[in-house]
There are 2 protein chains.
Amino acid sequence: MNKTISDIAQMAGVAKSTVSRFLNGGSVSEDTRQKIERIIKQYNYVPNTFAQSLKAKKTSIIGTVVPRLDSFATSQTLIGIDEELRSNQYQMLIANTSQDMQREIDAIYDFARQKVSGIILLAAEVTEAHLKAVEDIRIPVLLVGQQHEQLHSLVHNDDQAGYEMGRYVVEQGHRKIVYIGVSEKDRAVGIYRKQGFQRAIAECGGCEVKYYETSFKMSEAIVTAEAILKEITPTIIVGATDNIALGVMKIAFSNKIRIPQDLSVTGFGGYDITEMIHPTLTTVKYHYLQAGKVAANHIIRLVKGESVEERTTLDVELIPRESVDKL
Amino acid sequence: MNKTISDIAQMAGVAKSTVSRFLNGGSVSEDTRQKIERIIKQYNYVPNTFAQSLKAKKTSIIGTVVPRLDSFATSQTLIGIDEELRSNQYQMLIANTSQDMQREIDAIYDFARQKVSGIILLAAEVTEAHLKAVEDIRIPVLLVGQQHEQLHSLVHNDDQAGYEMGRYVVEQGHRKIVYIGVSEKDRAVGIYRKQGFQRAIAECGGCEVKYYETSFKMSEAIVTAEAILKEITPTIIVGATDNIALGVMKIAFSNKIRIPQDLSVTGFGGYDITEMIHPTLTTVKYHYLQAGKVAANHIIRLVKGESVEERTTLDVELIPRESVDKL
DNA sequence: CTGAAAGCGCTTACAG
DNA sequence: CTGAAAGCGCTTACAG
């Protein structure tokens, strides 16, 4: 059905190797160039990528492992990666693991089998198994969103995010503060983001903060927030993610607690939806799209054997909006 | 670096073909089976997929073309496709086209080059170029979200969605109605969804509806809604998508128009966020996840040469919530 | 500039 | 059950 390089060569009256050379930008005489070009156009010939890869022993594919597809952060990061990869003639392959860590590991090995040139790993947690996989496959890997001393990584400045939010909360006069965080297994969000916040609070003096923990799911955040509001009456609740903040707002509305008059709320992430809702949510904007682009850039450099800084940190940006009252 | 089938064969003291047979589930003696198995395990051998595909002339990869990654509908559909494909030993390859039609066409040809077994196409519009591409590549293609007489397609019941929403709006006593739709180029949303709605309205009698058009972007919906609200005062605005409805709510809040007391609002889609906001949004739920699974199922059957109905229609479900007032 | 040949790592009839 | 051989469609030295 499909023409092969031999067919083209035969029809053009030259050798396969000449066609191959033409295809790969080698030097051919003007005369043969025209002949080959004509035939290729005529039959719409496209080289078989498998045969190419089999010989070349490499591909221009970058595998990206994501824990989930239905998240603003993931989508934006993927778009950034895709754009940048594309403009450098690389292709993006996505493996969704649905938050299943075993699948994350499997995906790494699968990518290796498929001879991807590099792997971008968006993981919430880096375990021994991850490290072993990365070592086994001998392919460049870039970690995004988390940092690890043994891996090249690209992170958002979670400490700065937490700190700026903490300062802002304090500056707005809040003293009875609740912080709803997540598991420390996710070091970026669970530890660094919280630590930044705590640092700001420590500088404050008479500030009192109660820390709670919930999951990344809005539904669980609602339950957590409901329990909290039954017990105490903070002037502000700081959610460690926009989703958590949205959960807090939800339960507040249900209980006729007005935001921000009765309760202020903030999040982290800067999801699009946070400025569409009412009141708009004060948050710290993470530059996911840019992160994706930088990630793509770094993995390409890694693939080419160029040097890349071990860790890159992206700035974040506090965005004050309506959900916080000044006391 | 990596072992090849020859290495394994040699170390096991058998022929390559024997190893290959073992790998592909052919019959081998218990004795050789054990020898081969041991060596494979020991060296962590995995076959080179390129060489396999080069011979087999096919892959177990399904390409999925999506217009955008940052949409609830897309994410959910992709997750469904991925799950189903995975459990059938197929792999999903995603091509994001960022709403660029040329890239959509290119993606189809690219997938063909990479010898995917089938293609799932999520497109808002089917042009001659699409049709030609599908014809050229001679690979099964399944269209999702739109229907076309020349293509196998899977759609949500947009007519039903529009109709049920129309009936509901009328039943709730609304008579001054605004419907904000989208371009008819997107036949599913722009035509069928609206037609269903119109059918319900026609049955009503004294109902008056004004139709407007906007884009899928929330930001544009806000502008459109603002202009409308300056001119007239409907009792309800029906957005052709949840995003449009969200835009309407946004501008209403800004103008101190209370929902639903002063203005009711509805959408279509059933995005997660619609039940997190306040008031919760009345909408028609589309089963994207299921659509993804069915799509995967159909494309697999198509790939295997099994017969698949030309068009499959998925039911939708009206979800009454707080954003509509009973008059 | 051009071509013949070897080889990438598999699979698939075909003999035995 | 097992193996030798051919071939999938390319690329890459190597001669000429």
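Residues numbered from 1 in each chain as written. Chains lettered and ligands numbered in written order. Predicted model: local features only at pLDDT ≥ 70, side-chain atom pairs only at ≥ 80, totals over all residues. Heavy atoms only, no water.

1. Quick notes on the interface of chain A and chain B
Using the following cut-off: Should any heavy atoms of two residues lie within 4.5 Å, those residues are considered in contact. What counts as buried area is the accessible surface, traced by a 1.4 Å probe, that two parts surrender upon association, with contributions from both included. When a carboxyl oxygen of Asp or Glu is within 4 Å of a side-chain nitrogen of Lys or Arg, the pair counts as a salt bridge. Here a polar contact is taken to be a pair of N or O atoms separated by no more than 3.5 Å, where protein atoms must pair a possible hydrogen donor with a possible acceptor and residues adjacent in sequence count only if both atoms sit in side chains. Numbering of helices and strands runs from the N terminus, with a helix taken as a DSSP run of H or I at least four residues long and a strand as a DSSP run of E at least two residues long.
Taken together, the contact between chain A and chain B spans 43 residues of the former and 43 residues of the latter. Here chain A meets chain B over a buried area of about 4000 Å², counting both sides, of which 62% is carbon and sulfur. Here chain A is connected to chain B by four salt bridges. Between Arg103(B) and Glu83(A) there is a salt bridge, with its nearest N and O atoms 3.9 Å apart. Linking chain A with chain B are ten residue pairs in polar contact (both at pLDDT 80 or more), by the criterion used here. For the side of chain A that touches chain B, the secondary structure elements donating two or more residues are α4 (49-56), α5 (72-86), β2 (91-96), α6 (101-113), α10 (218-231) and α11 (242-254) of chain A. At seven residues, the largest contribution of residues to the side of chain A that touches chain B is made by α5(A).

2. Quick word on the side chain of Thr224(B)
All names here are of chain B. Just so we agree on the cut-off: The buried label goes to any residue with under 20% of its type's maximum accessible area, the exposed label to any with over 50%, and the partly exposed label to all in between, with areas taken from a 1.4 Å probe on protein chains only.
Take Thr224: it is sitting in helix α10 (residues 218-231). You can call Thr224 buried: its relative accessible area is 17%. Setting aside anything within four residues of it in sequence, one finds Thr224 in contact with Ile180, Glu213 and Thr214.

3. Here we look at the side chain of His298(A)
By the secondary structure assignment, His298(A) is in helix α12 (residues 288-303). If near-sequence neighbours (up to four positions away) are discounted, His298(A) is found in contact with Leu142(A), Val308(A), Glu309(A) and Thr312(A).

4. Quick notes on the protein's contact with DNA strand D
Put simply, the rule is: Proximity criterion: a residue is near a molecule or strand once any of its heavy atoms comes within 4 Å of it. Under the scheme applied, nonpolar residues are Ala, Val, Leu, Ile, Met, Phe, Trp, Tyr, Cys and Pro; charged residues are Asp, Glu, Lys and Arg; polar residues are all the others, including Gly.
In the vicinity of DNA strand D there are 26 residues, among which Ile5(A), Lys16(A), Ser27(B), Lys55(B) and Lys57(B) approach most closely. Put simply, 62% of the atoms of DNA strand D that lie within 4 Å of the protein are in sugar or phosphate. At 2.6 Å, a side-chain N or O of Lys16(A) approaches a base nitrogen of DNA strand D. Between DNA strand D and Lys55(B) there is a distance of 3.3 Å, counted from a base nitrogen to a side-chain nitrogen or oxygen. Breaking the surface near DNA strand D down by element, the ones donating at least two residues are α2 (16-23) and α4 of chain A together with α2 (16-23) and α4 (49-56) of chain B. Tallying contributions element by element places α4(A) first for the surface near DNA strand D, with four residues. Considered class by class, the residues forming the surface near DNA strand D number ten nonpolar, eleven polar and five charged.

5. Focus on the UniProt feature "domain: HTH lacI-type" (unreviewed entry) in chain A
Put simply, the rule reads: UniProt positions are given in the numbering used here, feature names are shortened, and annotations may be inferred rather than shown by experiment.
Using the residue numbers shown here, the UniProt feature "domain: HTH lacI-type" (unreviewed entry) corresponds to residues 3-56 of chain A. Secondary structure content for residues 3-56 of chain A is 70% helix and 0% strand, and the end C-alpha separation is 21 Å.

6. Observations concerning the domain arrangement of chain A
Residue and element names in this part refer to chain A. So the rule is basically this: In this document the domain limits rely on a domain assignment from an automatic tool or a database.
You can read the domains of chain A as domain 1 (5-47), domain 2 (58-156 + 288-315) and domain 3 (158-286). Computed from C-alpha atoms alone, the centre-to-centre distance between domain 2 and domain 3 is 29 Å. Taken together, the contact pairs nine residues of domain 2 with twelve residues of domain 3. The contact between domain 2 and domain 3 buries some 1000 Å² in all, and 49% of this surface belongs to carbon and sulfur atoms. Sorting the residues of domain 2 by area buried against domain 3 places Phe72, His156 and Tyr288 first, and these three jointly supply 48% of that buried surface.

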